[in-house]
Amino acid sequence: MTIDHVLTLLLVIPLVGLVPLYVFRGDPRAAKQVAIVTTLVELVLSLVMLAQFKVGEADFQLVEKADWLPSLGIRYFVGVDGISVLLVPMTTLLTFISVLYSSGGAIKERIASFMAAFLLLEVGMVGVFVSLDLFLFYVMFELMLVPMYLIIGIWGGTRRIYSTLKFVIFTLAGSLVMLVGIVAVWLESGPEGSRTLSLPELLAIRNHFPTDFQFWVFLAFGLAFAIKLPMFPFHTWLPDAHVEAPTAGSIILAGVLLKAGGYGFLRFALPLFPIGTQIWLPVIIVLSVIAILYGAAVSTVQKDLKKLVAYSSVAHMGFVTLGIFVLNVQGGVGAVLQMLNHGFVTGALFLFVGIQYEKTHRRVIADLGGLANHWPLYTTFFGLFVLASLGLPGLNGFVGEFLVLLGTFQFSGVPLGGLFWGPLAAIGVILAAVYLLWMFGRVMYGPARDHYKALPDLSPIEVICAVPLLVLTVLLGVVPQPAIAIIQPSLDRVLKLALDPTWQVAVK
Amino acid sequence: MNDLVAIAPELIVTITAGAVIVVDAVLSRRNAARWLPLIVTVGLVVALFAPMLWSPYGNVQPLGVRGSGAFFSGYVNVDTFTNFFRTVFILLALFATLVAPTYLTRKQVPPGEYYATLLFSTVGAMTVALATDLITVFLGLELMTIPVYVLAGIQRKDRFSNEAALKYFLLGAFSSALLVYGFAWLFGVTGSTRYSEITTSLKASGLANGPTIIALALITVGLGFKAAVVPFHQWTPDAYDGAPTPATAFMSVAPKAAAFAAILRVLVGGMGPLAVEWSSVFAVLAAITMTAGNVVALVQTNTKRMLAYSSIAHTGYILAAVAAAAAGTSAGAAVLFYVFAYGLMNLGAFACLLYIDLEGTRGATLDELNGFAKREPFGALAFAVFLISLTGIPPTVGFVAKFLVIQPVLDAGFAWLAVILALNAVLAAFYYLRVVVRMYMYDAERGAPALIPSRLLSVSLGVSALAVVLLGIIPNSLYQWALDAARPILNNP
């Protein structure tokens, strides 16, 4: 089955869902149903989109174009390639799971508003991954901000207001600097009257971008992506935001929002500013390795379960930037896979920490223990996700991290060489095993505590939420080849663009 | 006769103002409160469409006059620029009229005087946009500001209102004196009050001579006062804070827009040959203005005062685009677009404070906004939209305006100013979003003052909030219009 304008439909459906949501705003049950149906339709449609995608082609597909601000050469321009086509279904799946889980009783107040925020958020998230015009990309990038700000600030924990403001101010600082960078790109793109912000057209003229221009504009873009990702030392908003966000917010924040940063590097910063990339590359690689080690080290000493998972995200995203910036196929494919894997696995970890907290109202690791005795189902699921997160072969976490490390070992364009930084990053994998297994042991095993006895195991809704994530975790771990086949052609193209500043792509 | 057709909108607004005075004298206070807003609305709407009905050039088009020509022996010029600002001022006056009635009744402000002064001030602002001569522009500026002094002090028994009016009047008179002194120097140097002749004369005589610089400095200071450019902004917070809220809403936008119309016409258009060298001064002033406005706004606890300081910051953003005049039409279009966007969102933001009933004229403290979203969901949503737009987050018109301002600023080579502008927007986000936090994330306090919902207020806020979002999503026609309007002032070299 082929559907025309499938990407535009993906952007419109959540907005359409807002209408019945507004109509039924007084009825929590109906509001939940509307949100579930909308996100489910969106999920199915994104799978249809994936089915329509032609594997093996490097260029953008399912492209749609329309004039938006013609006097400035700004367009509504969407399309997907191998890098983004998998991130879209990941987004819609995680949104569906978040909405479904929140309907199960995790959110009690102002449900219609909560669901409305999620639907708006979904537009922004899908939009970020399909935008091919920098202006549109920026709008979508910022569109994610306000709903998340409300989600943390209204439905979050006790320190929610501090956390949500910190999140917004950090992110906004980065993205406004990027806005200046976007305008600079626009001005550099040609004489007045023929300026553009469309990615394919910019790629065709990028060899005219002078060196110092690339230096500064890469910095402007990189700052926004580094904060969003977040890269060390811009990560300080993340633990606060994660700890205070409601479970669904954490899932989306870790699962999707952070990916916007890594994706931004791959989609815009690398191919548009190859010289800037070369200049900044050593800095980013060193910061990535620091993030991996620092994130892991800090996770080890966390007392709070949610904070532990949050800091582990810093380490995992360090692998993403490392893989992107070693500029070879192994590293790049590993980074994209790591983004997907982190989305599914860390999303699942936040889901399970949330489920556990809903039942016990405890998040401090020392207060928990012996849960395995009462919750066999929970323990099985949670254990598998923990193993995936620490990179056990056979589960998906392993594939991404292994490829990234492989790419790093082969990379020599950084002081001290890949053979120095690669093993250093590998220590992070060992540390991950330490803190995750230690946490799992302390939370799930040990003496059974009486006051947890009466608490029920996973409910059917929670199982429905967890199963697709587990299936994907195992599937991507055992047979990553189909995903790699989708990613690789487009990634090769991005790498070629990044490595050869004079290579020109023809505009269609 | 053609002269009169050319200024038909101004005439209609003047006639409406006169009609308000007469009707107010005839009707009782209660009937006046009911009928006057209607009369004003009708008058303004007719004035809005007048350029489409009667054109001095005979070519009537959807957005009004397209041609350009001098009237009243060259004292007045009607072109796309004039029409853009006319529309802005009429819309602002309309908005300020529609949000006012409940407040006026509640505070026992005489409605006849409020509407009449509002309209006279609007005529003044429109005259500034018409002017192509120093005398006309001065006439317009005074006709605009004197009624605003009255508006600021219209609540006679409120001492903050009195203070506001007096401060505004004294500083305003001072700035007018400086301005007219600057005009006198300029006349002395060039021998003419006509913009076009000033331009020619300055081109011939050269720029770097003492008298011309003095004239330029005095005019910059004088217009800087009207637009509230730091360090000439001291009157703003007290005047905005003390004036009755609907008047504050109007005076925070219309005089500022008129001041920028004058800056564009006189300093950029008329003294065009100077503008390039003068632009670094503007750039520095812009940076100081936006930073000072934002930093001081950060520590305000009174929402009305916070918005007052934030409006200073927005002056800085607009001034940045003026400084970028070297970039050509796009700079002028950025100024016009920003003025339009700013008018809509800032007036809306002030008007949202009208829901809260307080003694005196001062605005709500942050605490009083706690839980506003639960008490008045619609008003809170509109307020949030205006604040997000003022912050510059898409998809709102405020974002597009920021984008359009950054563009000529970079083009003119002020990369540092663009970065300062972006960082300032982050500062601003902090205090704007703090209000959203209060409205949506706190619970209302016990004993919080009752809200004054009014259908007319909600409808006008709803329409303008919708416009803020729609113009953020489809800004093209507004931008195109701003480009057309900027062409008479700034043509591409």
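Treat the numbers as computed from the prediction; the structure is a model and nothing was measured. (Residues numbered from 1 in each chain as written. Chains lettered and ligands numbered in written order. Predicted model: local features only at pLDDT ≥ 70, side-chain atom pairs only at ≥ 80, totals over all residues.)

## Some thoughts on the overall build of chain A
Threshold: By the criteria applied, helices consist of DSSP H or I runs no shorter than four residues and strands consist of E runs no shorter than two, each listed in order from the N terminus. Only C-alpha atoms enter the radius of gyration; for comparison, a globular chain is expected to reach 2.2 Å times N to the power 0.38, where N is the number of residues. Two residues qualify as being in contact provided that their C-beta atoms, derived from the backbone, are within 7 Å of each other.
Of regular secondary structure, chain A possesses 19 helices and two strands. By the compact-globule yardstick of 23 Å for 508 residues, chain A fits well, its C-alpha radius of gyration being 22 Å. Considering only C-alpha atoms, chain A reaches an extent of 75 × 60 × 45 Å along its principal axes. Long-range contacts, defined here as pairs at least 24 residues apart, represent 79% of the contacts in chain A between residues at least 6 apart.

## Observations regarding the overall build of chain B
Helices and strands together make up the secondary structure of chain B, namely 22 helices and two strands. The C-alpha radius of gyration computed for chain B amounts to 21 Å, which stays within 12% of the reference 23 Å derived for 493 residues, consistent with globular compactness. For chain B, the proportion of contacts with a sequence separation of at least 24, taken over those separated by at least 6, is 79%.

## A word on the environment of Leu451(B)
Tracing the chain through its elements places Leu451(B) in the loop between α20 (415-441) and α21 (455-473). In this structure, the C-alpha to C-alpha distance between Leu451(B) and Gly18(B), residues 433 residues apart in sequence, is 34 Å.

## Some points on the interface of chain B and chain A
Condition: Residues are grouped as follows: nonpolar covers Ala, Val, Leu, Ile, Met, Phe, Trp, Tyr, Cys and Pro; charged covers Asp, Glu, Lys and Arg; every other residue, Gly included, is treated as polar.
In this complex, chain B contributes 25 residues to the contact, which on the side of chain A involves 26 residues. Of all the secondary structure elements, the ones that give two or more residues to the side of chain B that touches chain A are α19 (397-411), α20 and α22 (476-486) of chain B. No other element matches the 11 residues that α20(B) contributes to the side of chain B that touches chain A. Within the side of chain B that touches chain A, the residues separate by chemical class into 21 nonpolar, three polar and one charged.

## As for unusual backbone geometry
The amide bond that connects Leu229(A) to the next residue, Pro230(A), takes the cis arrangement and shows omega of -15°. By the secondary structure assignment, Pro230(A) is in the loop between α9 (211-228) and α10 (237-244). Residues Val230(B) and Pro231(B) are joined by a peptide bond in cis, for which omega reads 10°. Locating Pro231(B) in the fold gives a position in the loop between α10 (210-227) and α11 (235-242). Non-glycine residue Ala228(B) carries a positive phi angle of around 65°.

## Observations concerning the pairing of strand β1 (residues 61-69) of chain A
Residues and elements named next belong to chain A. The test is simple: Two strands pair if DSSP finds at least two bridges between them.
Pairing analysis gives six bridges linking β1 to strand β2 (residues 74-80), with the strands arranged antiparallel. The residue of β2 that forms the bridge with aspartate 67 is arginine 75. If you look at the hairpin formed by β1 and β2, you'll find four residues sitting between the two strands, and glycine 73 has a positive phi there, around 70°.

## Structural notes on helix α12 (residues 274-300) of chain A
What counts is decided by this rule: The span expected for a helix works out to 1.5 Å for each residue beyond the first. Note that the bend at a residue is defined as the angle between axes fitted to the seven residues ending at it and the seven residues starting at it.
The end-to-end C-alpha distance of α12(A) is 37 Å, a good match for the 39 Å that 27 residues give at a rise of 1.5 Å each. Of all bends in α12(A), the biggest is about 50°, found at Trp280(A), and the proline Pro282(A) comes one to four residues later.

## Some points on helix α7 (residues 160-188) of chain A
Selection criterion: With C-beta atoms placed from the backbone, a residue counts as buried when 20 or more other C-beta atoms lie within 10 Å of its own, as exposed when 12 or fewer do, and as partly exposed for counts between those limits.
Taking 1.5 Å per residue, 29 residues should reach 42 Å; α7(A) reaches 42 Å between its end C-alpha atoms and fits that length. Among the 29 residues of α7(A), 23 are classified as buried, and the element is accordingly described as predominantly covered.

## With respect to the environment of Phe386(B)
Residue and element names in this part refer to chain B. Assignment of secondary structure puts phenylalanine 386 in helix α18 (residues 377-391). Measuring from C-alpha to C-alpha, the distance between phenylalanine 386 and threonine 105 comes to 26 Å, with 281 residues separating the pair along the chain. Sequence-distant contacts of phenylalanine 386, that is, excluding residues within four places in its chain, are made with Met345, Gly348, Ala349, Cys352, Ala465 and Val468.

## A word on the packing of helix α7 (residues 134-152) of chain B against helix α8 (residues 159-190) of chain B
Residues and elements named next belong to chain B. Keep this limit in mind: For every element, the axis is a line fit to its C-alpha atoms; helices are fit only across the contacting stretch, and the angle between N-to-C directions ranges from 0 to 180 degrees. Here is the rule for angles: anything less than 35 degrees is roughly parallel, anything more than 145 is roughly antiparallel, 65 through 115 is roughly perpendicular, and the remaining ranges are oblique.
Where α7 meets α8, the closest approach of the two axes is 9 Å, and the angle between their N-to-C directions is 175°. In terms of orientation, α7 and α8 fall into the roughly antiparallel class. Listed contacts from α8 to Leu134, Phe138, Glu142, Thr145, Tyr149 and Ala152 of α7 are Ser161, Ala164, Ala165, Tyr168, Phe169, Gly172, Ser176, Leu179, Val180, Phe183, Leu186 and Phe187. Grouping the constituent residues of the contact of α7 with α8 by class yields 13 nonpolar, four polar and one charged.

## A closer look at the environment of Ile205(A)
Inspection of the secondary structure assignment puts Ile205(A) in helix α8 (residues 199-205). With near-sequence residues (within four places) excluded, Ile205(A) lies in contact with Ser189(A) and Gly190(A).

## Considerations on the packing of α7(A) against α10(A)
Residues and elements named next belong to chain A. Worth spelling out the cut-off: In this scheme the crossing of two helices becomes right-handed for a clockwise turn of the near helix relative to the far one and left-handed for an anticlockwise turn of less than a right angle.
It is at 9 Å that the axes of α7 and α10 come closest, and there the two elements cross at 135°. Relative to α10, α7 is oriented oblique. α7 and α10 meet at a crossing whose hand is left-handed. Contact residues: α7 offers Arg160, Tyr162, Ser163, Lys166, Phe167 and Phe170, while α10 offers Trp237, Asp240, Ala241 and Glu244. Each residue belonging to the contact of α7 with α10 can be placed in one class, and the counts come to five nonpolar, one polar and four charged.

## So, the confidence of the model for chain B
Selection criterion: Per residue, pLDDT captures the predictor's confidence, and it can take any value from 0 to 100.
Here chain B averages 86 in pLDDT, and 93% of its residues register 70 or above. With a pTM of 0.91, the predicted complex shows an ipTM of 0.87.

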